[in-house]
Amino acid sequence: MRITKHEHACLRLELDGHQLVIDPGSFTLPQTDLHGLAAVVLTHEHPDHWTPEHLERLRRDAPGVPVYGPAGVAAAGADVIVVAPGDTVTAGPFTMTFHGGRHSVIHSSIPVVENVGVLVNDAFYYPGDSYAVPAHADVEMLAAPIGAPWLKIGDAMDFVLAVKPRRAFGTHDMTLSRAGLEMHRARLTWATEQGGGEFLTLDPGESYEM
C-alpha cells in the first residue's frame, strides 16, 4: 500500500490500482491524478478536513464514489454515508474500521464535535483530530497529528507511545512554522523509537510504500 501525504491533514492511499482519499480540507490543494478512486473518508466536520468544493471535484472525477463520515459531517451539509465507532466498511481493496468518536477539546467555549479515526486494512491508522487508540490493532503505519490548536506535543507523544506503531509520520501540520514542525518531528521521533519503530519525514507530495 502506497501512502502519500498531502497538505495539512489530507492523505491518499493506493493499492491494487485503487485510491482512498482522507480529509481533503481547506488547507489542501485540489487532488489531481485520480484514478480508481474507491472511497473518501472525512473524519469530522471542520473545514480544514473537508470542503464542499473538494467533494464536488472528487465526485466529478469519480461519479458515485462513496464518502464516509460521522453524523456531524452529514449535519454540516456533506452527502456522506454515516459511520460511527465500531463500524467496518469495505470499498475496493480497502477495509476500514472506525474508532474514537469525539474530537479533542480545543477550549471549553468551543463545542466538541464528532470525530472518527480510521484504520485501513488493519495496518494504517489515522485518528483525525483525536488521540483515539485503536483497540487490539498492530499498527504498521501511523499518521500522527503534529500541530493543532487542540494539540500539546506531550499529549501527541503519549498517543504515539500508546499506539506503538512500527512506522509513523506527522500530519495535521499547516499551523506550524518550519522551526516548530522540525521540533515536533523530533519529539515524535523519540516517541516512535521507544516502541522500536521508525519515524518518517514526509512533506506534502511525498510517499511511502508499505
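Rules used in this analysis
- Residues numbered from 1 in each chain as written.
- Predicted model: local features only at pLDDT ≥ 70, side-chain atom pairs only at ≥ 80, totals over all residues.
- Heavy atoms only, no water.
- Core = buried A, V, L, I, M, F, W, Y, C linked by side-chain atoms within 4.5 Å.
- Buried < 20%, exposed > 50% of the residue type's maximum accessible area, 1.4 Å probe, protein only.
- Helix = DSSP H or I, 4+ residues; strand = E, 2+ residues; numbered from the N terminus.
- Contact = heavy atoms within 4.5 Å.
- UniProt positions renumbered as here; feature names shortened; annotations may be inferred.
- Phe/Tyr/Trp six-rings, centres within 6.5 Å; stacked < 30°, edge-to-face > 60°.
- Polar contact = N/O pair within 3.5 Å; in protein donor to acceptor, adjacent residues only side chain to side chain.
- Pairing = 2+ DSSP bridges.
- Axes fitted to C-alpha atoms, helices over the stretch in contact; angles between N-to-C directions.
- Parallel < 35°, antiparallel > 145°, perpendicular 65-115°, else oblique.
- Left-handed = near helix turned anticlockwise from the far one by under 90°.
- Nonpolar A, V, L, I, M, F, W, Y, C, P; charged D, E, K, R; others polar.
- Expected span 1.5 Å × (residues − 1).
- Arc of directions from axis to C-beta.

Q: Would you mind going over the nonpolar core with me for this structure?
A: The tendency in soluble globular proteins is for nonpolar side chains to be buried as a group. The biggest cluster of nonpolar side chains holds 27 residues, and the ones touching the most others in it are L13, M96 and F124. Elements supplying a minimum of two residues to this core: β2 (11–15), β3 (18–22), β4 (37–41), β7 (88–91), β8 (94–102), β9 (114–120), β10 (124–126) and β11 (141–145). Leaving out residues up to four positions away in the same chain, L13 has contacts with M1, R2, I3, H18, Q19, L20, I22, F94, V120 and F124.

Q: Would you take a moment to explain the UniProt feature "domain: Metallo-beta-lactamase" (unreviewed entry) in the protein chain for this structure?
A: Per the UniProt record, the feature "domain: Metallo-beta-lactamase" (unreviewed entry) sits at residues 7–172. What you have in residues 7–172 is 16% helix and 32% strand, and the ends, taken at the C-alpha atoms, are 8 Å apart.

Q: Would you mind going over the packing of aromatic side chains with me for this structure?
A: The geometry of an aromatic ring pair is captured by the separation of the ring centres together with the interplanar angle, meaning the angle of the planes. With the rule as written, the count across this model stands at 2 aromatic pairs. When the centroid spacing of 5.5 Å and the interplanar angle of 70° are considered together, the rings of Y131 and W150 count as edge-to-face. Linking Y131 in the loop between β10 and β11 with W150 in the loop between β11 and α3 (153–163), this pair joins segments that are 19 residues apart in sequence. Summarising the aromatic geometry, the rings of Y131 and F159 are spaced 5.8 Å apart at their centres and angled 45° between planes, so their arrangement reads as tilted. One end of the pair, Y131, is in the loop between β10 and β11; the other, F159, is in helix α3, and 28 residues separate them in sequence.

Q: Explanation requested: the side chain of H184 in the structure shown.
A: Relative to the assigned elements, H184 resides in helix α4 (residues 178–194). Taking the relative accessible area as the measure of exposure, H184 reaches 12% and is therefore buried. A polar atom in the side chain of H184 sits 2.8 Å from the backbone oxygen of I146.

Q: How do you make sense of the sheet that holds β3 when you look at a structure like this?
A: Pairing between the strands of a sheet comes from backbone hydrogen bonds, and it takes one of two forms, parallel or antiparallel. Across the sheet, which stays open at both edges, the 7 strands sit in the order β6-β5-β4-β3-β2-β1-β14 with mixed pairing between neighbours. Unpaired on one side and paired on the other, β6 (81–82) and β14 (207–209) mark the two borders of the sheet.

Q: I'm lost on unusual backbone geometry in this one. Help?
A: A negative phi holds for most residues other than glycine; trans holds for most peptide bonds. Of note, D122 is a non-glycine position whose phi angle comes to about 55°, a positive value. Counting through the fold element by element, D122 comes out in the loop between β9 and β10. A relative accessible area of 58% means that D122 is categorised as exposed. A positive phi angle is found at H136, which is not glycine, with a value near 60°. Its location among the elements puts H136 in the loop between β10 and β11.

Q: Looking at this structure, how should I read the sheet that holds β11?
A: Spatially, the 7 strands line up as an open sheet ordered β7-β8-β9-β10-β11-β12-β13, and their pairing is mixed. Here the strands that pair on one side only, and so sit at the sheet edges, are β7 and β13 (198–200). In this sheet, neighbouring strand axes are inclined to one another by 25° on average, regardless of whether the strands run parallel or antiparallel. Strand direction decides the pairing type here: β9 and β10, joined by 3 bridges, are antiparallel. Bridge assignment links L119 to a residue of β10, and that residue is Y125. This element, α3, spans β10 and β11 of the sheet and lies at about 165° to β11.

Q: What should I look at first to understand the packing of α3 against α4 in this one?
A: In a pair of packed helices, the angle between the axes and the distance between the axes together describe the arrangement. At a closest axis distance of 8 Å, the pairing of α3 and α4 adopts a crossing angle of 25°. One element, α3, and the other, α4, form an angle in the roughly parallel class. Once α3 is placed against α4, the crossing between them reads as right-handed. Across from I153, A156, M157, V160 and L161 in α3, the residues of α4 making contact are H184, R187, L188, W190, A191, T192 and Q194. Residue composition of the contact of α3 with α4, by class: 8 nonpolar, 3 polar and 1 charged.

Q: Can you walk me through α4 in this structure?
A: One turn of the α-helix equals 3.6 residues, which is why residues spaced by three or four share an orientation. End to end, α4 covers 25 Å across 17 residues, agreeing with the expected 24 Å (1.5 Å per residue, within 8%). Buried residues of α4: G180, L181, H184, R185, L188, A191 and T192, and no others. Take α4 and look down its axis: the buried residues cluster within an arc of 130°, on one side only. Where the residues of α4 are buried, they touch β11, α3, β12 (167–171) and β13.

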